[in-house]
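The residues making up each chain are set out below.
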Amino acid sequence: MSGCLICGKPLLYVQNTKRKRCKICGNIFSADAFCLGGHYVCDACHGKGAIYVIRAVCKSAQTSDAWAIAREIMRSPAVETHGPEHHIIVGSALLAAYCNASESYENFEKYLEIIEKRGKKVPGGTCGFWGACGAAIGAGIFLAAVTNSTPLATETHGLCNRLTARCLAAIGEIGGPRCCKRNVALAIRETTAFLRENFGVNLGGERIICEFSTKNDECIGDRCPFANSEF
Ligand SMILES: [Zn+2]
Ligand SMILES: [Zn+2]
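Conventions we followed
Residues numbered from 1 in each chain as written. Chains lettered and ligands numbered in written order. Predicted model: local features only at pLDDT ≥ 70, side-chain atom pairs only at ≥ 80, totals over all residues. Heavy atoms only, no water. Donors = N, O, S within 2.8 Å, 3.2 Å for Na, K, Ca; no water. Tetrahedral: all angles 85-135°; square planar, octahedral: opposite > 155°, others 65-115°. Helix = DSSP H or I, 4+ residues; strand = E, 2+ residues; numbered from the N terminus. Expected span 1.5 Å × (residues − 1). Buried < 20%, exposed > 50% of the residue type's maximum accessible area, 1.4 Å probe, protein only. Arc of directions from axis to C-beta. Contact = heavy atoms within 4.5 Å.

### A look at the coordination of the zinc ion (ligand 1)
Geometry sets the ideal angles at a metal, namely 109.5 degrees for four tetrahedral donors and 90 or 180 degrees for six octahedral donors.
Point 1. Note on the zinc ion (ligand 1): its protein donors are Cys-4 (SG), Cys-7 (SG), Cys-35 (SG) and His-39 (ND1). The metal-donor distances range over 2.0 to 2.3 Å.
Point 2. Coordination at the zinc ion (ligand 1) comes from four donor atoms whose angles at the metal span 107 to 112 degrees, giving a geometry best classed as tetrahedral.

### So, the coordination of the zinc ion (ligand 2)
Point 1. The coordination sphere of the zinc ion (ligand 2), as far as protein atoms go, consists of Cys-22 (SG), Cys-25 (SG), Cys-42 (SG) and Cys-45 (SG), spread over 2.3 to 2.4 Å.
Point 2. Between the four donor atoms coordinating the zinc ion (ligand 2), the angles at the centre fall across 102 to 117 degrees, so the site counts as tetrahedral.
Point 3. Sequence positions of the donors to the zinc ion (ligand 2) reduce to the motif C-x2-C-x16-C-x2-C. Of this pair, Cys-22 sits in the loop between strand E1 (11-21) and strand E2 (28-35) while Cys-42 is found in the loop between E2 and helix H1 (43-60), placing the two residues 20 residues apart along the sequence.

### Side note on helix H4 (residues 108-119)
Point 1. Taking 1.5 Å of rise per residue, the twelve residues of H4 would be expected to cover 16 Å, and the 16 Å separating its terminal C-alpha atoms lies within 8% of that figure.
Point 2. For H4, the complete set of buried residues consists of Phe-108, Tyr-111, Leu-112, Ile-115, Glu-116 and Gly-119. All buried residues of H4 fall inside an arc of 135 degrees around its axis, so they share one side. In H4, the exposed residues that point more than 90 degrees away from the buried face are Glu-113 and Lys-117.
Point 3. Contact partners of the buried residues in H4: H1, helix H3 (85-102) and helix H6 (134-146).

So yeah, pure geometry; function would need other evidence.
Okay, here's the thing in structure tokens:
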């Protein structure tokens, strides 16, 4: 299902936000996406189930293949086809893969928390509304966390912004409509190359093939670099 969490109807995106009550928690938000039936679910409620899956999968992951970790998270029924929880999935899966590749676990839990906290601040729909997909921002958050970058940093400041830019360029090259799975895959592919080139860290991983396309009503099919030709 790629539409409304409540009824499955397609989502409507609007330029001007509307005051809407979240169908799950009952709080009022300014919303820029709701379903054709008028249902609205806030970002926090949308990602609530996914957060536990992200934490559990990342903590038990044995592989340095970031896509394999992200894929396991996204296979969970708690993770919808689209949604802002994907911004956290990118950074968390990269972190788990990076710690496994470098066999350094000292700050793993601390970084996982930082990535979750910062990732939660990136709302849904930024790919279309801000011109900056949250999957790419999630990659930047991952690198900023593990390099302890700050706005005052010199070298890491540059590296983190260059990584986000590289992910955004790959995402922008393809264009829309949005697909959170595709943008997670692109951000992971670009970050894997970036880590190899700039840090000598090899996450490995094989060619990414998408297994989620049948759940995505707006799948771009052959235009997607991860399209499974057997479908
Ligand atoms: Zn609905
Ligand atoms: Zn809510």
